[in-house]
Amino acid sequence: MKAEILEKLQVLAESAKYDVSCASSGTTRKSTPGGIGSTSGWGICHSFTEDGRCVSLLKIMLTNYCIYDCAYCINRRSNDLKRATFSVSELVELTIEFYRRNYIEGLFLSSGVVNNPDYTMERMVRVVKDLRTIHRFNGYIHMKSIPGASQQLVHEAGLYSDRLSVNIEIANEQNLKMLAPEKDHDSVYKPMLYIQQGVLQNAEDRQKFRSAPRFAPAGQSTQMIIGATNESDKQILNTSVALYNRPSMKRVYYSGYIPVNAYDNRLPALKQAPLVRENRLYQADWLLRFYEFNVDEIVDDRYPDLDLEIDPKLAWALRHPEQFPIDINKADYNMILRIPGIGVKSAKLIVASRRFTRLTSYDLKKMGIVMKKAQYFITCNELTSSTVSDTSPEYIRKLLTGKKTPKGKDNQHQLTLLFD
Amino acid sequence: MTALYDAYNRKTFPDKLLAFDEQEPLFVTESHSVITDNLNSARVWKGLEQKLHANTLNMLTCVWLSELPGSDELIFRYARKTFDSKHSIEMNFADADVLQMKKIAQKVNHERHRLIELVRFQKAADDVFFAPVSPDHNCLALTINHFKDRFRDQKWIIYDTKRNYGYYYDLKNVTEMTLDSTNLFPEGKLDEKLMAEDEKLFQDLWRGYFKAMTIKERINPKLHRQHLPQRYWKYLTEKQ
Ligand code: SF4
């Protein structure tokens, strides 16, 4: 491999990095004799970029030439930008050599559109096919399907990939057409449907023949850009729920709009990407998937947008003081999950331990439960300090958002995706 | 484990366990030297196997490998509580020892994951992939099955520079090994003369890729360090 590759790699990584998904989880693939690698089931991050994002897959474009002109994308054809294209064999070798050094879990392949969707998709399929068949590569492969690609190519991609994705990008179709004139929801939902059909069909086949080849065993994901258009969080989260209702849809990613094309006045003039809002959406997404929350409990007509100051679970609790305090020693698991500051792990610990002893707040602290928020919403063995039902939601809110930490610091803290 | 066997035999239970080279604290009323006896410790382990889940046994191993001060006594107390109690104590996290076991085991397990993620192989001229590591806990052994499975068609060495031992995989078996000299890889970098021909290129490519991936508009050093603690940087190709 030659040194010019370095320049290509940098150009094509720069162009690919705005796609936020990087998960390598959702499937296991055992190593095979004579083959390279394995897929572990739990996502492995091999590194973290300086903006704090996980590096798990070699996230790369096959080419950043594009015939489309999507306003939110740095690779749009009207941008004057360094362009490059990998050959199939270059990209295959790069993936394998990175993998052998334990830099990556596998490949995340996307591409700009050259000539037409199928032409592009066919070259992408060649990369993943070579990896799997010639090199017997067992690492993770995520392929971003090109909007408008044919069912046959999507199907072939699914045979070699663990996960496929088609990005919806903008929740409202009118807005999508405004920013990406060559796209519409049909061009997104059709390939999504092909993937779904492939996954369902495959599940059936594999029941009959255990040896039937797998089709996108880690399902599909998609991404929405946040803050480039005027959708409310209610619209966005309802779109997510509709997407999650489709079989095979595993993850919806939210990507705070980064003003890469500031000159385009169809786009809002933002100084910074809406990172806090993005984080709140992820938190809301978690509440939907792991905390048994209903979307109407998080956003409704009265509160169409998430509160930026506090997390959505706390916001819900403060809107429902009548549900509290919750008795740690008696309440059902799903109510314990609703206590602000208590995560899934802590809730499970509580339910497991209280069979032995009545838990006190001291026990909770020992278990590593952060009481900062929780203290206002629980009772345990002893008398507690004032809970939300003795005082008022407004008072608790003030206590918890009080400017004890300097503003900048607090802000940074909110950028982490972890929350309870 | 032998200590535990002896204690049950002697019907006295110690306040403290010491390694042979440790100083005894003042006011020792009685001391008993434990000579490791494989038979007796196997008996104790068997006893534990009957009372504990496989997961809990793994946890005991993790705590042992943590090399944290007091972890031996913790295991001792935990085992004793297990034998003395009619019911399983495994889920009783209100018990300080049970909780502490879980916490330490989690720490070790966490570092095991870190190793799996952060090992960086450098390809040597003789086609062996070499990776130095220096984990806080002695958990390299816990990662070997993973690497053996994943990199089964390449020869590799993963070497703990802190404890001066490592594992070598020769395409068939993994063997424990100790190098006579660590001069071949000052600061964790393989000597350039020993590197495979294109090793430098791939390291440069990886560094270039890593740099290009950063979104400057979102830079967040605190989050970066939180995910990728500085103590691991010295062997990370992308941070060199
Ligand atoms: S089709 Fe994809 S690569 Fe091309 S401009 Fe649109 S978003 Fe960018």
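Note that this is a predicted model, so its numbers are computed, not measured.

Summing up its helical and strand segments, chain A has 16 helices and 12 strands in all. Its C-alpha atoms give chain A a radius of gyration of 24 Å, within 12% of the compact-globule value 22 Å for 420 residues. Dimensions along the principal axes, computed over C-alpha positions, put chain A at roughly 70 × 55 × 40 Å. Within chain A, the fraction of its 420 residues that count as buried is 57%. In chain A, the share of contacts with a sequence separation of at least 24, taken over all contacts with a separation of at least 6, comes to 68%. Just so you have it, chain A exposes about 17,800 Å², and 52% of that area is on carbon and sulfur atoms.

Our next topic: the site of the ligand. The local shell around the ligand consists of A:Cys66, A:Tyr68, A:Cys70, A:Cys73, A:Arg76, A:Gly112 and A:Lys183. A class-by-class count of the residues in the shell around the ligand yields 4 nonpolar, 1 polar and 2 charged.

Moving on, we get to the interface of chain A and chain B. In this assembly, 63 residues from chain A lie in contact with 55 residues from chain B. Both sides together, the interface formed by chain A and chain B hides about 5,600 Å², and carbon and sulfur atoms give 58% of it. For chain A, the biggest contributors to the area lost against chain B are A:Glu50, A:Arg101 and A:Tyr103; these three give 13% of the whole. Taken together, the links from chain A to chain B amount to 4 salt bridges. In this structure, A:Glu50 and B:Lys239 form a salt bridge, with 4.0 Å as the shortest nitrogen-oxygen distance. Taken together, chain A and chain B are joined by 24 residue pairs in polar contact (both at pLDDT 80 or more). Breaking the side of chain A that touches chain B down by element, the ones donating at least two residues are helix H1 (4-16), strand E2 (39-40), strand E3 (47-48), strand E5 (57-61), helix H2 (88-100), helix H8 (275-290), helix H12 (344-353) and helix H13 (361-366) of chain A.

Time to look at the pattern of salt bridges. A complete count under the given rule lists 33 salt bridges over all chains for this structure. Several salt bridges converge on common partners, so that one network encompasses A:Asp69, A:Arg76, A:Asp264 and A:Arg266.

Secondary-structure assignment places A:Pro33 in the loop between strand E1 (28-29) and E2. Once the C-alpha coordinates of A:Pro33 and A:Arg136 are considered, the two residues, 103 residues apart in sequence, prove to be 9.4 Å apart. If sequence neighbours within four positions are ignored, A:Pro33 has contacts with A:Arg136 and B:Arg152.

In the case of a regular strand, side chains alternate between the two sheet surfaces. Residues and elements named next belong to chain B. For strand E4 (residues 165-169) and strand E5 (residues 174-177), the ladder comprises 4 bridges, and the chain directions are antiparallel. Within E5, the position partnered with Tyr-167 by the bridge is Glu-176. Here E4 folds back onto E5, and the loop between the two strands holds 4 residues, one of which, Leu-171, carries a positive phi near 85°.

What follows concerns the packing of H2(A) against helix H3 (residues 117-134) of chain A. All names here are of chain A. Taken N-terminus to C-terminus, the directions of H2 and H3 make an angle of 45°; their axes are 9 Å apart at the nearest point. Relative to H3, the element H2 lies oblique. In terms of crossing hand, the pair formed by H2 and H3 is right-handed. Along the contact surface, H2 presents Val-88, Leu-91, Val-92, Thr-95 and Ile-96, while H3 presents Arg-123, Arg-126, Val-127, Asp-130 and Leu-131.

With that out of the way, let us pick up the environment of B:Ile219. Residue and element names in this part refer to chain B. When you line up the elements, Ile-219 lands in the loop between helix H7 (199-213) and helix H8 (221-227). Residue class for Ile-219 comes out partly exposed when judged on its relative accessible area of 45%. For Ile-219 and Ala-54, which are 165 residues apart along the polypeptide, the C-alpha to C-alpha distance reads 43 Å.

Moving on, we come to the packing of aromatic side chains. One pass over the structure, following the stated rule, counts 19 aromatic pairs over all chains. The interplanar angle of 80° and the centroid separation of 5.8 Å between the aromatic rings of B:Tyr165 and B:Tyr167 together place this pair among those described as edge-to-face. Judged by relative accessible area, which is 12%, B:Tyr165 ranks as buried. Here the aromatic rings of B:Trp206 and B:Tyr209 are separated by 5.7 Å at their centres, their planes lie at 25°, and the arrangement is stacked. Here B:Trp206 and its partner B:Tyr209 are both found in helix H7, 3 residues apart, which amounts to about one turn of the helix. An identical accessibility class is assigned to B:Trp206 and B:Tyr209; each is buried. Each residue in the set A:Tyr99, A:Phe137, B:Phe121, B:Phe129, B:Phe147, B:Phe151, B:Trp156 and B:Tyr169 is aromatic and connected to the rest through ring pairs, giving one cluster. Its end group placed over the ring of B:Trp233, B:Lys239 keeps NZ or CZ at 4.2 Å from the ring centre.

Often the size quoted for an interface is simply the accessible area lost on bringing the parts together. All names here are of chain B. By the assigned domains, chain B splits into domain 1 (2-113) and domain 2 (119-239). The interface of domain 1 with domain 2 comprises 9 residues on the first partner and 9 residues on the second. Taking both sides of the interface into account, the surface hidden between domain 1 and domain 2 amounts to around 900 Å²; carbon and sulfur atoms contribute 57%. When the buried area of domain 1 at its contact with domain 2 is split by residue, Leu-65, Glu-111 and Arg-112 rank highest and sum to 64% of it. Counting across the domain 1 and domain 2 interface gives 1 salt bridge. The interface formed by domain 1 and domain 2 holds 8 residue pairs in polar contact (both at pLDDT 80 or more) in total. Secondary-structure elements contributing two or more residues to the side of domain 1 that touches domain 2 are helix H3 (54-65) and helix H5 (96-118). The biggest single contributor to the side of domain 1 that touches domain 2 is H5, with 4 residues. Residue composition of the side of domain 1 that touches domain 2, grouped by class: 4 nonpolar, 1 polar and 4 charged.

Next up on the list: the nonpolar core. Membership of the largest hydrophobic core comes to 164 residues, with the highest contact counts inside it found for A:Ile60, A:Phe98, A:Leu237, A:Phe377 and B:Trp156. When residues in this core are grouped by element, the largest group, 8 residues, is from H5(B).

To continue, consider the sheet that holds strand E2 (residues 128-133) of chain B. On the basis of which strands lie adjacent, the open sheet formed by 5 strands has the order E1-E2-E3-E4-E5 (chain B) and mixed pairing. The outermost strands of the open sheet, each flanked by one partner alone, are strand E1 (122-123) and E5 of chain B.

Conventions adopted
- Residues numbered from 1 in each chain as written.
- Chains lettered and ligands numbered in written order.
- Predicted model: local features only at pLDDT ≥ 70, side-chain atom pairs only at ≥ 80, totals over all residues.
- Heavy atoms only, no water.
- Helix = DSSP H or I, 4+ residues; strand = E, 2+ residues; numbered from the N terminus.
- Rg over C-alpha atoms; globule rule 2.2 N^0.38 Å.
- Buried < 20%, exposed > 50% of the residue type's maximum accessible area, 1.4 Å probe, protein only.
- Contact = heavy atoms within 4.5 Å.
- Areas by Shrake-Rupley, 256 points an atom, 1.4 Å probe, with all protein chains shown as cover.
- Near = heavy atom within 4 Å.
- Nonpolar A, V, L, I, M, F, W, Y, C, P; charged D, E, K, R; others polar.
- Buried area = accessible area lost by both parts, 1.4 Å probe.
- Salt bridge = Lys/Arg side-chain N within 4 Å of Asp/Glu carboxyl O.
- Polar contact = N/O pair within 3.5 Å; in protein donor to acceptor, adjacent residues only side chain to side chain.
- Pairing = 2+ DSSP bridges.
- Axes fitted to C-alpha atoms, helices over the stretch in contact; angles between N-to-C directions.
- Parallel < 35°, antiparallel > 145°, perpendicular 65-115°, else oblique.
- Left-handed = near helix turned anticlockwise from the far one by under 90°.
- Phe/Tyr/Trp six-rings, centres within 6.5 Å; stacked < 30°, edge-to-face > 60°.
- Lys NZ or Arg CZ within 6 Å of the ring centre and 35° of its normal.
- Domains from an automatic or database assignment.
- Core = buried A, V, L, I, M, F, W, Y, C linked by side-chain atoms within 4.5 Å.

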